[in-house]
Amino acid sequence: MRWSIPLAVALVACTAPGSGAGKLGDTASYGVSASDAEWGGGGDYAGSGTSTTGTWGTGGTGGGSGGGTGTGGSTSWDGGTETDPEETEPPDTGTVDCITDAPTELFLSPDDSNSMSSAVLAREAVAMYGSERLPPIRTYEFFNYYDFDYAPAAPGELAVTLELAQDPEMSGDEYVLQVAIASERRTHGDRDPIDLTMVVDTSCSMGGTPISLTRDVCRTVASQLQAGDIVNMVTWAEVQDLVLENHEVSGPGDGTLLGKCESIEEGGGTNLSAGLDAGYRLAELHASPDRVDRMLLISDGGANLGITDEELIAEKADDGNQGGIYLAGVGVGVPGTYNDTLMDAVTDAGKGAAIFASDTAEVDRILGDRFLEVFDVAARNVQLELTLPGGFEIVRFSAEEIGTSARDVEPQHLAPNDAMVFHQHLWTCAPELVSDDTIVTATVRWQDVLTGELHELVQEATFAEMLGGDTSNLRKGAAVFAYAEALKIVRKDGRAAAADAVARAFDALGVAETVLGADSELTEMRRVLEGL
């Protein structure tokens with residue numbers, strides 16, 4: 001079966017790098033200007049000019065004879081117009097006048113608890129380019145990617161942990177607070193059956209490493225499915241091909257599904273919007289109230305045909321979310337050409353994880369070992385309300401969103417075997433009022449996955465309890481935070497200007513290593529910093 005979307009342009013076959021077989025008349029919203037051709041050739045990510053450059057052109061004005069130049073547009077890599085999420089200021093909590101007779105109430109939310117592409121892209125970019133080509137740094141995704149040893153909640157519940165520290169180099173008015181919301185522990189035997197719709201990019205830009213990784217993703221997902229799970233698959237380029245419909249797998253490594261994985265090939269243009277539309281139609285057709293409905297988008301993130309406006313694509317994902325079909329995205333490709341911004345926007349609207357697969361080992365780690373974290377849901381619409389003592393405010397934070405009104409902070413879903421971790425630096429205008437009995441309160445609200453029933457959990461702790469308790473997870477959180485913030489400054493201002501931030505990151509890693517001992521993730525962060 002084939003769904004065909006009418007196009008106003010004739011498409012050409014995939015072309016070799018620099019051959020410049022351009023597609024006249026295309027208008028795209030993502031990409032590089034001609035002068036930035038090193039970041040992807042100006043083809044699939046061309047700007048808003050009247051014609052695009054060659055699909056894989058690398059020359060200054062289009063990589064050969066592929067038509068005119070695109071203008072405007074910036075990728076998620078060129079350090080241009082994009083604003084990093086954490087560059088915004090924390091909300092004004094009113095403590096500028098040192099109001100100590102009323103508590104400070106703040107609402108926090110992370111991105112989906114398993115969006116983690118930023119951490120992988122940063123690691124791979126440093127390995128390939130040193131400090132020169134860092135992607136946007138989203139600190140909350142680093143907290144999603146790295147593991148913390150929080151005790152799981154009871155089945156059907158969530159658990160909250162509060163940790164507080166005041167280090168010797170801090171003044172008496174500064175503290176570090178970490179709040180974790182942990183879900184229940186599940187195994188494959190505990191999970192509900194899955195309705196999975198795979199939406200696979202097979203456009204020209206997927207040639208080479210991306211299409212090879214796409215097959216790896218497909219095979220790894222197949223290895224985690226159980227008898228009775230349902231799989232749909234649609235591939236998309238300039239048209240959409242129905243590969244599998246309502247296929248009930250026989251168990252892990254289902255032969256029919258593996259055969260379809262091996263047959264995935266690239267060729268054609270890139271109509272992401274139409275691909276998503278076809279995927280949602282297929283998913284909605286076979287959705288079941290007795291199954292977890294998931295859609296998996298696999299792509300290098302390029303959108304150069306059809307409706308490429310980011311908000312419209314995200315709106316389609318959000319429409320799917322209204323029916324409970326949660327979209328996760330796996331980015332495949334190499335640092336410097338992968339369109340991280342687009343994929344992040346689509347998966348954020350679809351309430352699912354944004355993942356980047358740099359190699360087969362990464363595919364196995366995220367879609368094999370952590371399969372349930374990506375595809376299952378333990379709690380819907382989780383939101384944290386943090387009540388601080390009067391006179392306190394948050395001055396630095398890891399969350400994606402933070403505000404003084406619940407309406408301004410979008411809740412997110414939490415997977416099983418996982419934890420939402422919030423790391424923040426506090427300051428008080430009245431340190432003389434802080435005592436052992438000073439209290440911090442965390443209130444977590446969420447919905448039951450199946451019934452939609454509202455739940456609330458209130459956890460409070462005194463400063464004495466937190467300062468005297470175990471802070472090992474906080475120490476790792478401090479290392480992750482300092483590491484991500486250092487990379488952010490390197491990206492924005494250059495390696496030389498970030499010397500102090502990098503030194504602080506090394507210090508935080510040293511403290512965490514002393515507390516935790518051997519930890520492969522801390523070792524990885526140290527290696528990346530050394531590669532800057």
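Residues numbered from 1 in each chain as written. Predicted model: local features only at pLDDT ≥ 70, side-chain atom pairs only at ≥ 80, totals over all residues. Heavy atoms only, no water.

Student: Can you walk me through the sheet that holds strand E15 (residues 419-428) in this structure?
Tutor: Whether parallel or antiparallel, the strands of a sheet pair through hydrogen bonds between backbone atoms. Across the sheet, 4 strands lie side by side as E3-E4-E15-E12; this open sheet has antiparallel pairing. The open sheet has two free edges, formed respectively by strand E3 (159-165) and strand E12 (392-397), since each of these has just one partner strand. Taking the axes of each pair of neighbouring strands and ignoring which way they run, one obtains an average angle of 30 degrees across the sheet. Alignment of E12 against E15, held across 5 bridges, turns out to be antiparallel. From the neighbouring strand, Phe392 faces E15, where its bridge partner is Thr428. (Pairing = 2+ DSSP bridges. Helix = DSSP H or I, 4+ residues; strand = E, 2+ residues; numbered from the N terminus. Axes fitted to C-alpha atoms, helices over the stretch in contact; angles between N-to-C directions.)

Student: I would appreciate a short explanation of the environment of Glu105 in the present structure.
Tutor: Along the polypeptide, Glu105 turns up in strand E2 (residues 104-109). Each C-alpha atom of the pair Glu105 and Glu393 lies 9.5 Å from the other, and the pair is 288 residues apart in sequence. Contacts of Glu105, omitting those with residues within four sequence positions, involve Glu385, Leu386, Thr387 and Thr404. (Contact = heavy atoms within 4.5 Å.)

Student: What's the story with the state of the cysteines in this structure? I'm lost.
Tutor: The term disulfide refers to a covalent linkage connecting the sulfur atoms of a pair of cysteines. Applying the stated rule across the entire model yields 2 disulfides. Through a disulfide, Cys98 is tied to Cys429; the S-S separation comes to 2.3 Å. For the disulfide bridge between Cys98 and Cys429, the dihedral angle about the S-S bond is near 95 degrees, and by the sign convention the bridge is right-handed. Taken together, the residues Cys98 in the loop between strand E1 (2-3) and E2 and Cys429 in the loop between E15 and strand E16 (439-447) connect sequence positions 331 residues apart. (Disulfide = S-S within 2.5 Å.)

Student: Can you help me understand the layout of surface pockets in this one?
Tutor: To find leftover empty space, a probe the size of one water molecule is rolled over the atoms. Estimated volume of the largest pocket: approximately 620 Å³. Contributing to the lining of the largest pocket are 25 residues, with Asp167, Glu169, His425, Arg504 and Ala508 lying nearest its centre. At the level of secondary structure, the elements contributing two or more residues to the lining of the largest pocket comprise strand E4 (174-182), E12, E15, helix H11 (472-493) and helix H12 (499-516). Looking at the lining of the largest pocket, its residues break down into 15 nonpolar, 2 polar and 8 charged. (1 Å grid on protein atoms, 1.4 Å probe; cavity = no way out; pocket = protein on both sides within 12 Å on 5 of 7 lines; lining within 4 Å. Points joined across faces, edges and corners; volume = space filled by probe spheres on them. Nonpolar A, V, L, I, M, F, W, Y, C, P; charged D, E, K, R; others polar.)

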